[in-house]
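# Descriptive analysis of the structure
Here is how the chains run, residue by residue.
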Amino acid sequence: MNHPRTLGELKQSGYQSLSVKEEMRKNLLRKLQAGEPIFDGILGYEDTVIPQVQNAILSKHDMLFLGLRGQAKTRMLRQLTRLLDDALPIIAGSEIHDDPLRPLSRHARDLIAKHGDDTPIEWITPEQRYHEKLATPDVTIADLIGEIDMIKHAEGRYLSSELTMHFGLIPRSNRGIFCMNELPDLSAKIQVGLFNVLEERDIQIRGYPIRLDLDLCLVFSANPEDYTNRGRIVTPLKDRIGSVIRTHYPLTREIGVAITDANAWTDRAKAQGQRSLGPLVLTPLFMKEILEETARLARTSPAINQQSGVSVRMSIANMENMISNAERRALTLNENPTTPRISDLAYLAASTRGKIELALSEDDGGEEKVLAKLLGEAIKNLFEASFDLKQFRGLVEWFEGGKTLVTGDRIPASDYVKKLNEIPVLKNAVAKFLDRPELKEIRAQAESPLTASVLEFILEGLHVENRLNKSTKAGESSYRR
């Protein structure tokens with residue numbers, strides 16, 4: 001668009017300035033009327049979190065997003081720029097995005113006094129109006145509010161002059177959105193320094209009588225529990241924040257799987273641009289559900305510190321590692337396409353470490369032990385939801401005859417299919433499971449690898465149900481009665 005380039009042209013265009021919160025409210029109302037979403041890629045919050053955010057914006061509130069790690073707090077805060085206008089006029093060269101019709105800074109006022117209607121105008125994008133700061137104990141008032149620039153003072157300006165000031169992040173976010181992430185990590189005295197900004201919308205630097213009536217939308221993120229022992233939100237600061245919005249982990253397994261699908265790097269052939277760079281990995285729904293059920297169980301496990309939380313990043317990283325192991329196995333066995341198996345889950349420890357915080361201090365292998373237990377419980381839950389245990393009486397009897405089945409990532413899918421033909425009761429159970437509608441597409445492309453995956457699922461399910469014994473050695477698992 002051909003935007004006005006001088007103050008005179010801007011006035012002639014009929015432009016009227018709105019406060020940033022009025023602007024966000026106006027654009028939200030328009031989106032609600034048109035049925036447009038305000039967030040992209042945020043799943044599971046449609047009936048819980050998003051209505052709270054909408055109410056806060058309509059009320060012109062500052063917001064605090066309160067939630068455990070991995071609950072999309074920062075992602076939502078960054079997408080608030082979707083509620084800003086496509087372009088905003090400012091006085092050219094203004095550090096604090098001065099409104100041409102209501103200038104704040106000395107620079108802008110002097111420029112208008114000198115040039116009048118010929119004062120140059122610049123236009124900025126929504127992204128330029130969003131600033132973010134991660135709260136750390138070393139953040140100072142100078143970083144956020146500003147400081148006297150001694151070089152400018154040495155050039156002959158008075159200390160009390162605005163022209164001597166170096167503005168911090170908050171005034172530089174004027175007419176935009178300022179986000180402070182992990183607010184409790186900010187020292188108490190710095191939090192107190194935000195009182196005036198929140199309540200009066202003005203700043204004072206070094207005690208000099210310089211007041212800037214800022215136009216801001218302030219948003220924060222924080223963890224509800226002080227699990228890090230680094231700090232907390234001082235009560236008077238929380239009192240000045242209009243809306244405190246609680247986020248949460250996925251409420252259902254289905255939503256969790258959808259979030260992982262949307263965020264994990266799974267379509268690797270597409271990313272590489274050509275399939276020859278790696279085998280095609282097709283992940284069946286039940287394997288995705290096992291990973292998500294593991295995370296859901298972790299969020300209620302007494303072995304894990306629930307104040308720390310279990311991020312959705314654990315499910316995402318585990319999905320990526322599971323697919324990577326399937327890729328590695330497929331290359332070794334010359335199997336393309338392939339599907340992940342239960343045996344691939346043995347390599348998830350690397351992507352789980354650091355994602356969970358144990359409640360009690362244990363030995364170095366504590367995380368692996370907890371993960372193995374959680375995986376077992378998840379497989380048991382999915383197995384019971386998918387099969388009737390009574391249908392495997394004949395299979396258990398087959399094992400009672402001294403028979404053994406060996407699985408592992410060194411065994412090709414074709415060997416599983418051959419073995420399956422020798423065990424009719426197991427073959428029938430696998431065939432019935434393969435008829436599920438959600439497996440139709442994968443079965444059409446990779447029936448043998450999918451058969452191997454289902455076979456391992458059934459054997460592991462019988463093991464966690466205490467119907468079979470299992471011993472693992474050198475990457476291979478032997479199932480016997």
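Residues numbered from 1 in each chain as written. Predicted model: local features only at pLDDT ≥ 70, side-chain atom pairs only at ≥ 80, totals over all residues. Heavy atoms only, no water.

## Thoughts on the pairing of strand 13 (residues 469-473)
When a strand is regular, its side chains alternate between the sheet's two faces. Where strand 13 meets strand 14 (residues 476-480), five bridges bridge the pair, whose relative direction is antiparallel. Across the sheet, Thr472 pairs through a bridge with Ser477, a residue of strand 14. The turn linking strand 13 back onto strand 14 is made up of two residues, and Ala474 within it adopts a positive phi angle of 55°. (Pairing = 2+ DSSP bridges. Helix = DSSP H or I, 4+ residues; strand = E, 2+ residues; numbered from the N terminus.)

## Digging into the sheet that holds strand 14
Judged by pairing direction, the sheet is antiparallel, and its three strands sit side by side in the order 12-14-13 without closing on themselves. Both edges of this open sheet fall to strand 12 (405-408) and strand 13, since each of them pairs with a single strand only. Neighbour-to-neighbour, the strand axes of this sheet turn through a mean angle of 25°, independent of strand direction. (Axes fitted to C-alpha atoms, helices over the stretch in contact; angles between N-to-C directions.)

## Quick word on the environment of Leu395
With respect to the element layout, Leu395 can be found in helix 18 (residues 393-400). Given a relative accessible area of 0%, Leu395 falls into the buried group. Dropping the residues within four chain positions of it, Leu395 is found in contact with Ile423, Val425, Leu426 and Leu462. (Buried < 20%, exposed > 50% of the residue type's maximum accessible area, 1.4 Å probe, protein only. Contact = heavy atoms within 4.5 Å.)

## Describing the nonpolar core
Core analysis: the largest hydrophobic core is formed by 62 residues, its most contacted members being Ile290, Leu345, Leu426, Phe457 and Ile458. Taken together, the elements giving at least two residues each to this core come down to helix 14 (285-298), helix 15 (312-333), helix 17 (366-386), helix 18, helix 19 (413-420), helix 20 (424-434) and helix 22 (447-464). For this core, the element with the most residues is helix 22, which contributes nine residues. Ignoring any residue separated from it by four or fewer positions in sequence, one finds Phe457 in contact with Phe286, Ile290, Ile342, Ile379, Leu382, Phe383, Ser386, Phe387 and Phe433. Formed by 30 residues, the second largest nonpolar core is a distinct cluster that contains Leu64, Ile96, Met165 and Phe220. (Core = buried A, V, L, I, M, F, W, Y, C linked by side-chain atoms within 4.5 Å.)

## Notes on the pattern of salt bridges
A side chain with one charge can pair with a side chain of the opposite charge if their charged atoms come near. Evaluation of the coordinates by the stated rule reveals 24 salt bridges. Of the charged contacts, one joins Glu292 and Arg299 as a salt bridge, the two residues approaching to 3.9 Å between their closest N and O atoms. On the basis of relative accessible area, Glu292 is assigned to the buried category, the value being 3%. With relative accessibility at 14%, the residue Arg299 sits in the buried group. Glu456 is paired through a salt bridge with Arg341; the nearest N and O atoms lie 3.9 Å apart. Linking Glu456 in helix 22 with Arg341 in the loop between helix 15 and helix 16 (349-352), this pair joins segments that are 115 residues apart in sequence. The residues Glu456 and Arg341 share a single accessibility class, namely buried. Members of the salt-bridge network, linked through shared partners, are Arg329, Glu335, Arg341, Asp344 and Glu456. (Salt bridge = Lys/Arg side-chain N within 4 Å of Asp/Glu carboxyl O.)

## Some details on the packing of helix 14 against helix 15
Following both chains from N to C, one finds helix 14 and helix 15 inclined at 145°, their axes separated by 10 Å at the closest point. You can see that helix 14 and helix 15 cross each other, and the crossing is right-handed. Mapping the contact onto sequence places Met287, Lys288, Leu291, Glu292, Thr294, Ala295 and Ala298 in helix 14 and Met314, Ser315, Asn318, Met319 and Met322 in helix 15. Of the residues in the contact of helix 14 with helix 15, the class split is seven nonpolar, three polar and two charged. (Left-handed = near helix turned anticlockwise from the far one by under 90°. Nonpolar A, V, L, I, M, F, W, Y, C, P; charged D, E, K, R; others polar.)

## Here's the deal with helix 20
Among all positions in helix 20, only Leu426, Ala429, Val430, Phe433 and Leu434 are buried. Taken down its axis, helix 20 places every buried residue within 135° of arc, on the same side. Facing away from the buried side of helix 20 by over 90 degrees, the exposed positions are Pro424, Asn428 and Lys432. (Arc of directions from axis to C-beta.)

## Concerning the side chain of Ser243
Counting through the fold element by element, Ser243 comes out in strand 11 (residues 243-246). Classification of Ser243 as buried rests on a relative accessible area of 15%. Looking at Ser243, its side chain comes within polar contact range of the side chain of His61, at 2.8 Å. Excluding residues within four positions of it along the chain, Ser243 makes contact with Ala56, His61, Asp62, Met63 and Leu64. (Polar contact = N/O pair within 3.5 Å; in protein donor to acceptor, adjacent residues only side chain to side chain.)

## Here we look at helix 15
For helix 15, with 22 residues, the first-to-last C-alpha span of 32 Å sits near the 32 Å given by 1.5 Å per residue. Where helix 15 begins, one side-chain oxygen reaches toward the backbone nitrogen of Arg313, 2.9 Å away; that side chain belongs to Ser311. (Expected span 1.5 Å × (residues − 1).)

## A look at the packing of helix 2 (residues 20-34) against helix 3 (residues 49-58)
As a packed pair, helix 2 and helix 3 sit with axes 9 Å apart at the nearest point and diverge in direction by 135°. Judged on the interaxial angle alone, helix 3 and helix 2 are oblique. Contact with helix 2, carried on its side by Met24, Arg25, Leu28, Leu29 and Leu32, involves Gln54, Ile57 and Leu58 of helix 3 and no other residues of that element. Considered class by class, the residues forming the contact of helix 2 with helix 3 number six nonpolar, one polar and one charged. (Parallel < 35°, antiparallel > 145°, perpendicular 65-115°, else oblique.)

## Thoughts on the sheet that holds strand 10 (residues 216-222)
Reading across the sheet, the five strands line up as 4-7-10-1-11 and stay open at both edges, with parallel pairing between neighbours. Bordering the open sheet on either side are strand 4 (130-134) and strand 11, each of which pairs with just one other strand. Put simply, the sheet's adjacent strands are angled 20° from each other on average, direction ignored. Bridge count between strand 7 (residues 176-181) and strand 10: five bridges; the pairing is parallel. The residue bridging Met180 from the neighbouring strand is Phe220, located in strand 10. Helix 2 rests against strand 7 and strand 10 of the sheet, and its axis sits at about 75° to strand 10. Against the sheet, helix 3 engages strand 1 (63-66) and strand 11, with an angle of about 170° to strand 11.

Keep in mind these values describe shape, not function.
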